[in-house]
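This is what each chain is made of:
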Amino acid sequence: VFVATQRGTGSGAAIPNPKPFSDLVFEVTLTGGFPNMVKLHAAHGPVFWWRLLGRRMLMVGSYEAAKQLLMGEGTLVRADYPPSVKQMLGPWGMVNIHGKSYTRIKRLAQAGFTPKAIRGYLPRIQAIAEEGVQRWAAEGDILAYPEMKWYTFRVAVELFLGVGTGWTGPQDFPAVSATFATWLEGLFSFPVAIPGTAFARGLKARDELMRRIHASLELLEQRRAAKGSSDDAARGDAAAGGPAPASNGAEQPILMELLMASRDERGEGLTRDQLADTVLTLLFAGHDTSSTTLVRIFQHLHAHPEAVTRLRQEQAEVVVKHGTAITEAALADMQYADGALREAMRVTPIIAGFPRIALKDFELCGYTIPAGTRLQCSLQHTLHTDSRWQAEDDPLAFKPERWLGQRDGAWIPFGGGPRLCLGWLMAMVEMKVLLAAIFRGHVLTLQEPNEPWMLFPLARPKHGMPARITEAEAAA
Ligand code: HEM
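Parameters and conventions
- Residues numbered from 1 in each chain as written.
- Predicted model: local features only at pLDDT ≥ 70, side-chain atom pairs only at ≥ 80, totals over all residues.
- Heavy atoms only, no water.
- Helix = DSSP H or I, 4+ residues; strand = E, 2+ residues; numbered from the N terminus.
- Rg over C-alpha atoms; globule rule 2.2 N^0.38 Å.
- Contact = heavy atoms within 4.5 Å.
- Donors = N, O, S within 2.8 Å, 3.2 Å for Na, K, Ca; no water.
- Pairing = 2+ DSSP bridges.
- Phe/Tyr/Trp six-rings, centres within 6.5 Å; stacked < 30°, edge-to-face > 60°.
- Buried < 20%, exposed > 50% of the residue type's maximum accessible area, 1.4 Å probe, protein only.
- Lys NZ or Arg CZ within 6 Å of the ring centre and 35° of its normal.
- Axes fitted to C-alpha atoms, helices over the stretch in contact; angles between N-to-C directions.
- Parallel < 35°, antiparallel > 145°, perpendicular 65-115°, else oblique.
- Nonpolar A, V, L, I, M, F, W, Y, C, P; charged D, E, K, R; others polar.
- Domains from an automatic or database assignment.
- Buried area = accessible area lost by both parts, 1.4 Å probe.
- Salt bridge = Lys/Arg side-chain N within 4 Å of Asp/Glu carboxyl O.
- Near = heavy atom within 4 Å.
- Polar contact = N/O pair within 3.5 Å; in protein donor to acceptor, adjacent residues only side chain to side chain.
- Expected span 1.5 Å × (residues − 1).
- pLDDT = per-residue confidence, 0-100.

**Some details on the overall build of the protein**
Stage number 1. Each helix and strand counted, the protein has 20 helices and 12 strands in total.
Stage number 2. Against the compact-globule benchmark of 23 Å for 476 residues, the protein has a radius of gyration of 23 Å, which places it among compact chains.
Stage number 3. Dimensions of the protein along its principal axes, counting C-alpha atoms only, are 65 × 55 × 45 Å.
Stage number 4. Taking contacts inside the protein between residues at least 6 apart in sequence as the whole, the part at least 24 apart equals 71%.

Dropping the structure here:
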């Protein structure tokens, strides 16, 4: 039956189907761990059939194949997220749209992620990171996972929507965070909108988030009109590479303002609905990913005190050279912190892979892949088998120094090609700023370093990662 349904494996060879009665999610639930894709691909080849949530799927594991799929976006394949994601992100959610309207929206949204824009966000990010570290040190015992979610969500809300727009106030922020959590649960659930289900609650939460986003847009438009042309001039200046940001960042445009001012070649911008779905997509794509990566780094650092010593030394040197304000130049001198982030994302990538659907028949790893086939490309396989490290003693050990002086290769935790992560630079910056804020003057200890992880749908530590942050002098 399976050979017959694999129509068109043109080279004559049938694509292996080693698990005809198994589903990836069933296996994750049963074993409590994500399958080792490196081993599976070694056993069954670079391409084999499996299932994901009941949908038949080709598992793909080779760097060459990953590159082909990433670069073939829009011609060979296109991104194909589950129906729940489509409904929760809305009709203009970037990951769900394709073709010309996708390219246009992504290009317009890039205005919020230029190096210049991110330079403008830096003071706000540093202020939030330092506020967090002070609070965690005062609280003593914390759960690092929800606190990192607090950090990255706070950064996202403040940078994207700004203060005083109904998101960051003492009443607003907890309410928004709770609504967002309900929305996220809906996003990763079966799309059955029967009252009482996670999906139905998620849809209600989407309505509430949309109401808030539209209200903020209206407020920002009113402010913009009130400030008039002087504000427009300042925004134009910032987008074009104008003056350096003020020290507290308050005068710098927030992401929503940059997106509202962004124009295509015909002088047209994003509609209200496009702006709203884009911001919701960014809130989603831009916070769980970075918070989970941060707790992964904490785990690696806890196991590698020598890496913590080097991080501290580097921060001391950066402060001597640049002062305490974290500027673009200071970030450029945090090479070891950069290596620690890259290494954590290489050894323990938090995204399993990227889903695609074939737009036409094409050749992949010697097989003909029929149009309409669903494919899931393994990030774990690509990152773990990167040929650069294979000659070294222990290619899977956490060694940030591997990255000193090296930047290229099969490092694709942010994807690549047309669908390259829009926020990759912002993610690297917010994570580096947090490492700086912690390791300049504090010690981080994990209470349960061998805590197990849940690995589906998003990786997270099972008990929330109990931790303690203390001042360095107090700990000494
Ligand atoms: C450590 C943190 C992050 C990781 C590991 C990560 C990873 C990824 C990956 C692998 C993709 C490509 C998915 C695909 O090809 O189907 C992606 C796409 C995307 N990411 Fe990120 N991301 C991170 C942080 C962020 C942040 C901070 C933002 C925004 C503020 C963001 C916004 C996006 C968007 C909008 C897309 C969709 C791009 C498109 O469809 O063209 N990400 N991310």
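On we go.
**Let's talk about the coordination of the iron atom of the ligand**
The expected angle between donors at a tetrahedral four-coordinate metal is 109.5 degrees. At an octahedral six-coordinate metal it is 90 or 180 degrees.
Stage number 1. You will see that the iron atom of the ligand has only one donor from the protein, C421 (SG), lying 2.3 Å away.
Stage number 2. By secondary structure assignment, the location of C421 is in the loop between α18 (379-384) and α19 (424-439).

**Quick look at the pairing of strand β12 (residues 466-471)**
Stage number 1. Relative to β12, strand β4 (residues 141-143) is paired through 3 bridges, and the arrangement is antiparallel. When the sheet's bridge partners are listed, I142 is paired in β12 with A467.

**As for the packing of aromatic side chains**
Stage number 1. Going through the model one piece at a time under the given rule, you end up with 10 aromatic pairs.
Stage number 2. With a centroid separation of 4.8 Å and an interplanar angle of 35°, the aromatic rings of F153 and F180 are classed as tilted. Here the residue F153 occupies a position in helix α8 (residues 144-161), and F180 occupies one in helix α9 (residues 172-187), the gap between them amounting to 27 residues.
Stage number 3. Seen from their ring centres, W403 and W411 are 5.8 Å apart, and the 65° between their planes marks the pair as edge-to-face.
Stage number 4. With a relative accessible area of 0%, W403 lands in the buried category.
Stage number 5. Among the aromatic residues, those joined into a cluster by ring pairs are F153, F173, F180, W183 and F284.
Stage number 6. A cation over a ring is seen here: R135 above W150, with NZ or CZ 4.7 Å from the ring centre.
Stage number 7. Lying over the aromatic face of W411, R342 brings its terminal NZ or CZ to 4.5 Å of the ring centre.

**Digging into the packing of helix α14 (residues 288-303) against helix α17 (residues 335-347)**
Stage number 1. With their axes 9 Å apart at the nearest point, α14 and α17 run at an angle of 100° to one another. Comparing the axis directions of α14 and α17 gives the class roughly perpendicular. Seen from α14, the contacting residues are T293, I297 and H300; seen from α17, they are L341, A344, M345 and V347.
Stage number 2. The residue makeup of the contact of α14 with α17, split by class, is 5 nonpolar, 2 polar and no charged.

**Examining the domain arrangement of the protein**
Think of interface size as the accessible area that goes away when the parts come together; that is how it is often given.
Stage number 1. Parsing the protein into structural domains produces domain 1 (1-71 + 352-412) and domain 2 (83-346 + 415-475).
Stage number 2. Centre-to-centre, using C-alpha coordinates, domain 1 lies 29 Å away from domain 2.
Stage number 3. When the two sides are added together, the surface that domain 1 and domain 2 hide from each other amounts to roughly 2,300 Å², 64% of it contributed by carbon and sulfur.
Stage number 4. Applying the counting criterion to the domain 1 and domain 2 interface returns 1 salt bridge.
Stage number 5. One salt bridge in this structure joins R402 and E343, with 2.8 Å as the shortest N-O distance.

**What to know about the site of the ligand**
Stage number 1. The ligand sits among 25 residues. The nearest are Y81, Y102, K106, R356 and C421.
Stage number 2. Measuring from an oxygen atom of the ligand, one finds a side-chain N or O atom of Y81 at 2.5 Å.
Stage number 3. Take Y102: an N or O atom from its side chain is 2.4 Å from an oxygen atom of the ligand.
Stage number 4. Listing elements by their share of the shell around the ligand, those giving two or more residues are α6 (99-109), α13 (272-285), α14, β5 (353-358) and α19.
Stage number 5. A per-class count over the shell around the ligand returns 16 nonpolar, 6 polar and 3 charged.

**Observations concerning α8**
Stage number 1. Here α8 is 18 residues long and its end C-alpha atoms lie 25 Å apart, about the 26 Å a rise of 1.5 Å per residue gives.
Stage number 2. The element α8 is largely enclosed, with a buried count of 16 among its 18 residues.
Stage number 3. Just downstream of α8, G162 is the residue with a positive phi angle, here 85°.

**Quick look at the side chain of R356**
Stage number 1. Within the element layout of this structure, R356 appears in strand β5.
Stage number 2. There is a polar contact of 3.1 Å between the side chain of R356 and the side chain of E73.
Stage number 3. For R356, the contacting residues outside a window of four places in its chain are L70, E73, V77, R78, A79, D80, T373, R374, L375 and R419.

**Here's the deal with the confidence of the model for the protein**
Stage number 1. Mean pLDDT over the protein works out to 88, with 92% of the residues at or above the 70 mark.
Stage number 2. Low pLDDT, under 50, characterises residues 1-10; the predicted model gives this stretch 18 contacts beyond four residues in sequence or across chains.
Stage number 3. Confidence drops under a pLDDT of 50 for residues 238-247, and excluding neighbours within four residues, the segment shows 16 contacts in the predicted structure.

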